[in-house]
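# A closer look at the structure
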Amino acid sequence: SADKQKQKNGGQHSKRSRRFLVAGVIGSTLFGLGSIAGLFFGPITLVTVIRAGTTLPANAFFSQLFDLRPLVRDDYLGTLACVCGVV
């Protein structure tokens, strides 16, 4: 992760870790705005269910993308349960 790379680099971000940091901030902002935008198209109950069904799979995907932690059985089961709950 960007924080781990910063610690390895003596407290300074490398170019690679800075890109990860910026990508994470932009992605988080876009996901948050997407949740707010969803309220214009449907009731809060629908938006909450869809948001919950996309958050865990997105977290599992990005943790692999940024090499934060390996996927374990609980990640697969949690993702499956969220997707089944939304469907």
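Since this is a predicted model, take the numbers as computed values, not measurements.

This brings us to the overall build of the protein. Counting its secondary structure elements, the protein contains four helices and zero strands. What you see in the protein, going N to C, is helices and strands ordered as α-α-α-α. Going through the 87 residues of the protein one by one, you find that 15% of them count as buried. Pairs at least 24 apart in sequence give 35% of the contacts found in the protein among residues at least 6 apart. Total accessible area on the protein stands at roughly 6600 Å², and carbon and sulfur atoms take up 68% of it.

Let's shift gears to the environment of Ala60. Within the secondary structure layout, Ala60 lies in helix 3 (residues 44–65). Remark: the alpha-carbon pair of Ala60 and Thr79, spanning 19 residues in sequence, is separated by 8.1 Å. Ignoring any residue separated from it by four or fewer positions in sequence, one finds Ala60 in contact with Leu71 and Thr79.

Before going further, it helps to spend a moment on helix 3. Side chains three or four residues apart in an α-helix point the same way, a direct result of the helix having 3.6 residues per turn. With 22 residues, helix 3 ought to run about 32 Å at 1.5 Å a step, and its terminal C-alpha atoms sit 30 Å apart, in line with that. Every buried residue of helix 3 is listed here: Val47, Gly53, Ala58, Ala60 and Ser63. Looking one or two residues past helix 3, Asp67 carries a phi angle of roughly 55°, positive in sign.

Contact geometry for helix 2 (residues 15–38) and helix 3: axes closest at 11 Å, N-to-C directions at 165°. Comparing the axis directions of helix 2 and helix 3 gives the class roughly antiparallel. Considering only the axes of helix 2 and helix 3, their crossing is right-handed. Only Val47, Arg51, Ala58 and Phe62 of helix 3 make contact with helix 2, whose side of the interface consists of Phe31, Ser35 and Gly38. A breakdown of the residues in the contact of helix 2 with helix 3 according to their chemical character gives four nonpolar, two polar and one charged.

This part covers the environment of Gly27. In this fold, Gly27 is placed in helix 2. Residues Gly27 and Phe62 lie 35 residues apart in sequence; the distance between their C-alpha atoms is 9.9 Å.

This part takes up a nonpolar patch on the surface. A cluster of nonpolar side chains, Val22, Ile26, Leu30, Leu33, Ile36, Phe40 and Phe41, forms an exposed patch at the surface whose accessible area comes to about 830 Å². Tracing the backbone shows Ile36 in helix 2.

What counts as what
Residues numbered from 1 in each chain as written. Predicted model: local features only at pLDDT ≥ 70, side-chain atom pairs only at ≥ 80, totals over all residues. Heavy atoms only, no water. Helix = DSSP H or I, 4+ residues; strand = E, 2+ residues; numbered from the N terminus. Buried < 20%, exposed > 50% of the residue type's maximum accessible area, 1.4 Å probe, protein only. Contact = heavy atoms within 4.5 Å. Areas by Shrake-Rupley, 256 points an atom, 1.4 Å probe, with all protein chains shown as cover. Expected span 1.5 Å × (residues − 1). Axes fitted to C-alpha atoms, helices over the stretch in contact; angles between N-to-C directions. Parallel < 35°, antiparallel > 145°, perpendicular 65-115°, else oblique. Left-handed = near helix turned anticlockwise from the far one by under 90°. Nonpolar A, V, L, I, M, F, W, Y, C, P; charged D, E, K, R; others polar. Patch = residues over 30% accessible without salt bridge, like charges linked within 9 Å, V, L, I, M, F, W, Y side chains within 5 Å. Salt bridge = Lys/Arg side-chain N within 4 Å of Asp/Glu carboxyl O.

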